[in-house]
Amino acid sequence: MINSVGLVIFDCDGVLVDSEPIAIRVHVALGAEHGWPLTPADVIERFVGRSSAAIAEQIAERVGSDVAAEWTRGFEARHRDEVDAGLSPVEGIEYAVDTLADLGLPTCVASSGSHDKMAHTLGRTGLHDRFAGRIFSATEVAHGKPAPDVFLHAAARMGVPPEHCVVVEDSLNGLRAARAAGMRSFAYAGDLIPPHLLEGPTTTVFKSMRDLPTLITDTP
(Lines give C-alpha, C1' and ligand atoms only; values in the text may rest on other atoms or scores of the structure.)
Protein backbone atom coordinates (compact mmCIF):
# COMPACT_ATOMS: atom_id res chain seq x y z
CA MET A 1 0.00 0.00 0.00
CA ILE A 2 1.32 3.40 -0.97
CA ASN A 3 0.10 5.08 2.22
CA SER A 4 -2.37 4.55 5.05
CA VAL A 5 -5.40 4.78 2.76
CA GLY A 6 -7.06 1.38 2.33
CA LEU A 7 -10.36 2.40 0.74
CA VAL A 8 -11.72 5.37 -1.21
CA ILE A 9 -15.47 5.83 -0.70
CA PHE A 10 -17.24 7.91 -3.34
CA ASP A 11 -20.55 9.65 -2.94
CA CYS A 12 -22.63 9.34 -6.11
CA ASP A 13 -24.69 12.45 -6.93
CA GLY A 14 -22.45 15.42 -7.62
CA VAL A 15 -19.27 13.36 -7.27
CA LEU A 16 -19.61 10.61 -9.88
CA VAL A 17 -22.56 11.95 -11.87
CA ASP A 18 -23.55 15.56 -12.45
CA SER A 19 -27.09 15.01 -11.21
CA GLU A 20 -27.41 17.62 -8.45
CA PRO A 21 -28.51 20.44 -10.81
CA ILE A 22 -31.26 18.16 -12.08
CA ALA A 23 -32.47 17.30 -8.57
CA ILE A 24 -32.42 20.94 -7.49
CA ARG A 25 -34.32 22.09 -10.57
CA VAL A 26 -36.99 19.40 -10.10
CA HIS A 27 -37.47 20.13 -6.39
CA VAL A 28 -37.83 23.86 -7.04
CA ALA A 29 -40.52 23.15 -9.66
CA LEU A 30 -42.37 20.71 -7.40
CA GLY A 31 -42.23 23.12 -4.49
CA ALA A 32 -43.87 25.81 -6.60
CA GLU A 33 -46.61 23.37 -7.61
CA HIS A 34 -47.28 22.04 -4.11
CA GLY A 35 -47.32 25.20 -2.03
CA TRP A 36 -43.79 25.31 -0.66
CA PRO A 37 -41.80 27.87 -2.67
CA LEU A 38 -38.12 26.90 -2.61
CA THR A 39 -35.07 28.60 -4.06
CA PRO A 40 -32.09 26.56 -5.32
CA ALA A 41 -30.23 27.65 -2.18
CA ASP A 42 -33.08 26.29 -0.04
CA VAL A 43 -32.90 22.92 -1.77
CA ILE A 44 -29.12 22.75 -1.37
CA GLU A 45 -29.38 23.52 2.35
CA ARG A 46 -32.34 21.26 3.13
CA PHE A 47 -32.17 18.35 0.70
CA VAL A 48 -28.78 17.89 -0.97
CA GLY A 49 -26.87 14.98 0.53
CA ARG A 50 -29.89 13.56 2.36
CA SER A 51 -31.80 10.36 1.71
CA SER A 52 -35.17 10.38 -0.06
CA ALA A 53 -36.80 9.33 3.23
CA ALA A 54 -35.29 12.27 5.10
CA ILE A 55 -36.34 14.65 2.33
CA ALA A 56 -39.89 13.25 2.37
CA GLU A 57 -40.07 13.79 6.13
CA GLN A 58 -39.20 17.46 5.71
CA ILE A 59 -41.78 17.87 2.96
CA ALA A 60 -44.46 16.12 5.00
CA GLU A 61 -43.79 18.39 7.97
CA ARG A 62 -44.37 21.41 5.74
CA VAL A 63 -47.22 20.37 3.41
CA GLY A 64 -48.59 17.09 4.80
CA SER A 65 -47.95 13.42 4.14
CA ASP A 66 -50.32 13.09 1.16
CA VAL A 67 -48.67 15.95 -0.69
CA ALA A 68 -45.23 14.61 0.29
CA ALA A 69 -46.08 11.26 -1.28
CA GLU A 70 -47.24 12.96 -4.49
CA TRP A 71 -44.10 15.14 -4.47
CA THR A 72 -41.89 12.06 -4.13
CA ARG A 73 -43.61 10.27 -7.01
CA GLY A 74 -43.31 13.37 -9.16
CA PHE A 75 -39.65 13.77 -8.30
CA GLU A 76 -38.81 10.19 -9.20
CA ALA A 77 -40.56 10.43 -12.57
CA ARG A 78 -39.16 13.83 -13.57
CA HIS A 79 -35.67 13.04 -12.32
CA ARG A 80 -35.59 9.86 -14.39
CA ASP A 81 -36.78 11.73 -17.48
CA GLU A 82 -34.14 14.44 -17.09
CA VAL A 83 -31.40 11.89 -16.45
CA ASP A 84 -32.38 10.11 -19.66
CA ALA A 85 -32.39 13.42 -21.50
CA GLY A 86 -28.78 14.26 -20.74
CA LEU A 87 -26.94 13.23 -17.58
CA SER A 88 -23.14 13.43 -17.74
CA PRO A 89 -20.37 12.05 -15.55
CA VAL A 90 -18.59 14.64 -13.43
CA GLU A 91 -15.72 16.04 -15.45
CA GLY A 92 -12.54 14.01 -14.91
CA ILE A 93 -14.13 11.28 -12.79
CA GLU A 94 -13.30 8.45 -15.18
CA TYR A 95 -9.63 9.44 -15.06
CA ALA A 96 -9.70 9.66 -11.26
CA VAL A 97 -11.38 6.28 -10.73
CA ASP A 98 -9.24 4.49 -13.30
CA THR A 99 -6.02 5.99 -11.91
CA LEU A 100 -6.90 4.88 -8.39
CA ALA A 101 -7.56 1.38 -9.74
CA ASP A 102 -4.19 1.38 -11.51
CA LEU A 103 -2.58 2.36 -8.19
CA GLY A 104 -4.22 -0.60 -6.47
CA LEU A 105 -6.49 1.47 -4.24
CA PRO A 106 -9.88 -0.16 -3.60
CA THR A 107 -12.95 2.00 -4.23
CA CYS A 108 -16.68 1.82 -3.56
CA VAL A 109 -19.79 4.00 -3.60
CA ALA A 110 -21.82 5.00 -0.53
CA SER A 111 -24.75 7.25 -1.32
CA SER A 112 -27.97 8.64 0.08
CA GLY A 113 -29.64 7.50 -3.12
CA SER A 114 -31.43 4.20 -3.56
CA HIS A 115 -29.92 1.29 -5.45
CA ASP A 116 -32.45 1.75 -8.25
CA LYS A 117 -31.53 5.41 -8.62
CA MET A 118 -27.79 4.67 -8.66
CA ALA A 119 -28.22 1.83 -11.12
CA HIS A 120 -29.97 4.28 -13.40
CA THR A 121 -27.58 7.23 -13.09
CA LEU A 122 -24.36 5.20 -13.03
CA GLY A 123 -25.60 3.02 -15.83
CA ARG A 124 -26.63 6.00 -17.92
CA THR A 125 -23.14 7.52 -17.63
CA GLY A 126 -21.20 4.29 -18.16
CA LEU A 127 -19.80 4.24 -14.62
CA HIS A 128 -21.72 1.33 -13.11
CA ASP A 129 -19.31 -1.41 -14.17
CA ARG A 130 -16.44 0.37 -12.43
CA PHE A 131 -18.21 -0.15 -9.07
CA ALA A 132 -20.36 -3.25 -9.61
CA GLY A 133 -20.72 -5.21 -6.37
CA ARG A 134 -19.33 -2.31 -4.32
CA ILE A 135 -22.30 0.06 -4.23
CA PHE A 136 -23.94 0.85 -0.88
CA SER A 137 -27.07 2.86 -0.15
CA ALA A 138 -28.45 4.70 2.87
CA THR A 139 -31.51 2.48 2.43
CA GLU A 140 -29.40 -0.30 3.99
CA VAL A 141 -28.80 1.51 7.29
CA ALA A 142 -30.81 3.06 10.09
CA HIS A 143 -29.84 6.68 9.55
CA GLY A 144 -28.85 8.58 6.44
CA LYS A 145 -26.31 11.37 6.15
CA PRO A 146 -25.29 13.46 8.11
CA ALA A 147 -25.19 10.36 10.34
CA PRO A 148 -22.11 8.22 9.61
CA ASP A 149 -24.01 4.95 9.15
CA VAL A 150 -23.67 4.45 5.39
CA PHE A 151 -19.93 5.15 5.41
CA LEU A 152 -19.33 2.82 8.35
CA HIS A 153 -21.47 0.19 6.62
CA ALA A 154 -19.44 0.50 3.42
CA ALA A 155 -16.15 0.23 5.33
CA ALA A 156 -17.36 -2.86 7.18
CA ARG A 157 -18.56 -4.55 3.99
CA MET A 158 -15.26 -3.77 2.29
CA GLY A 159 -13.27 -5.00 5.31
CA VAL A 160 -11.36 -1.77 5.91
CA PRO A 161 -11.17 0.01 9.29
CA PRO A 162 -12.75 3.50 9.24
CA GLU A 163 -9.45 5.18 10.07
CA HIS A 164 -8.01 3.83 6.80
CA CYS A 165 -10.92 5.07 4.67
CA VAL A 166 -11.24 8.38 2.86
CA VAL A 167 -14.49 9.84 1.53
CA VAL A 168 -15.04 11.91 -1.61
CA GLU A 169 -18.06 14.16 -1.11
CA ASP A 170 -19.60 17.36 -2.44
CA SER A 171 -22.33 18.11 0.12
CA LEU A 172 -22.23 19.52 3.63
CA ASN A 173 -24.31 16.62 4.95
CA GLY A 174 -21.94 14.11 3.36
CA LEU A 175 -18.90 15.81 4.84
CA ARG A 176 -20.53 15.85 8.27
CA ALA A 177 -21.17 12.12 7.91
CA ALA A 178 -17.55 11.44 6.94
CA ARG A 179 -16.24 13.39 9.94
CA ALA A 180 -18.67 11.59 12.24
CA ALA A 181 -17.36 8.28 10.86
CA GLY A 182 -13.79 9.30 11.69
CA MET A 183 -12.79 9.34 8.03
CA ARG A 184 -10.69 11.91 6.20
CA SER A 185 -12.68 13.63 3.45
CA PHE A 186 -11.98 15.22 0.10
CA ALA A 187 -14.56 17.85 -0.74
CA TYR A 188 -15.22 18.34 -4.44
CA ALA A 189 -16.06 21.99 -5.00
CA GLY A 190 -18.26 22.03 -8.08
CA ASP A 191 -20.58 24.90 -8.90
CA LEU A 192 -23.22 24.44 -6.20
CA ILE A 193 -21.56 25.18 -2.87
CA PRO A 194 -18.87 27.85 -2.37
CA PRO A 195 -15.54 26.14 -1.58
CA HIS A 196 -15.08 27.96 1.73
CA LEU A 197 -18.29 26.41 3.06
CA LEU A 198 -16.89 22.94 2.46
CA GLU A 199 -13.84 23.53 4.61
CA GLY A 200 -13.54 21.79 7.96
CA PRO A 201 -11.46 19.44 10.07
CA THR A 202 -9.76 16.54 8.25
CA THR A 203 -11.13 17.85 4.95
CA THR A 204 -9.26 18.80 1.78
CA VAL A 205 -11.20 20.96 -0.68
CA PHE A 206 -10.34 20.52 -4.37
CA LYS A 207 -11.69 21.76 -7.70
CA SER A 208 -10.69 19.16 -10.31
CA MET A 209 -11.29 15.41 -10.21
CA ARG A 210 -8.05 14.97 -12.11
CA ASP A 211 -6.21 16.15 -8.99
CA LEU A 212 -7.87 13.60 -6.73
CA PRO A 213 -5.50 10.62 -7.16
CA THR A 214 -2.47 12.72 -6.27
CA LEU A 215 -4.24 14.26 -3.28
CA ILE A 216 -5.20 10.81 -1.98
CA THR A 217 -1.79 9.25 -2.52
CA ASP A 218 -0.19 12.17 -0.71
CA THR A 219 -2.36 11.50 2.36
CA PRO A 220 -0.16 10.45 5.32
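Provided above is the structure to which this section pertains.
Numbers given to residues run from 1 along each chain, matching the order in which its sequence is written. In keeping with the predicted nature of the model, local features appear solely for residues at pLDDT of at least 70, side-chain atom pairs appear and are counted solely at 80 or more, and the whole-chain, interface and lining totals rest on all residues. Side-chain metrics in this entry use all non-hydrogen atoms of the structure; hydrogen atoms and water are not considered.

Numbered from the N terminus, helices here are DSSP runs of H or I no shorter than four residues, and strands are runs of E no shorter than two. When you go through the protein chain residue by residue, the secondary structure sums to 11 helices and 6 strands. Over its C-alpha atoms the protein chain spans a radius of gyration of 17 Å, differing by no more than 12% from the 17 Å that the globule rule assigns to 220 residues. Across its three principal axes, the protein chain shows a C-alpha extent of roughly 55 × 35 × 30 Å. Only protein chains enter the accessibility calculation, which uses a 1.4 Å probe; a residue is then buried when its area is under 20% of its type maximum, exposed when over 50%, and partly exposed in between. In the protein chain, which comprises 220 residues, the proportion classed as buried is 48%. Once local pairs closer than 6 in sequence are excluded, the contacts in the protein chain between residues at least 24 apart make up 65%. Accessible surface computed for the protein chain: about 9,800 Å², of which carbon and sulfur atoms make up 51%. For this count, His and the chain ends are skipped, Lys and Arg are scored as positive, and Asp and Glu as negative. Just so you know, the charge point we use is NZ for Lys, CZ for Arg, CG for Asp and CD for Glu. Of the side chains in the protein chain, 18 bear a positive and 30 a negative charge, and the two mean positions are spaced by 1 Å. The globule rule is 2.2 Å times the number of residues to the power 0.38, and the radius of gyration it is compared with is taken over C-alpha atoms. Two residues form a contact once any of their heavy atoms are found within 4.5 Å. To measure how exposed things are, a 1.4 Å probe is used in the Shrake-Rupley method; for residues, cover is taken only from the protein chains shown.

Attention now moves to the sheet that holds strand β2 (residues 107-111). The pairing of strands in a sheet comes from backbone hydrogen bonds and takes either a parallel or an antiparallel form. One open sheet accounts for 6 strands, arranged β3-β2-β1-β4-β5-β6; its pairing is parallel. Every other strand in the sheet has two partners, leaving β3 (135-137) and β6 (203-206) as the edge strands with one partner each. Each strand of the sheet is rotated relative to its neighbour by a mean of 25 degrees, with strand direction disregarded. For two strands to pair, DSSP has to find at least two bridges joining them. Alignment of strand β1 (residues 7-10) against β2, held across 3 bridges, turns out to be parallel. The partner of Val8 across the bridge, within β2, is Thr107. Helix axes are fitted only over the stretch in contact, all axes being lines through C-alpha atoms; the angle between N-to-C directions runs from 0 to 180 degrees. Against the sheet, helix α6 (residues 115-124) engages β2 and β3, with an angle of about 140 degrees to β3.

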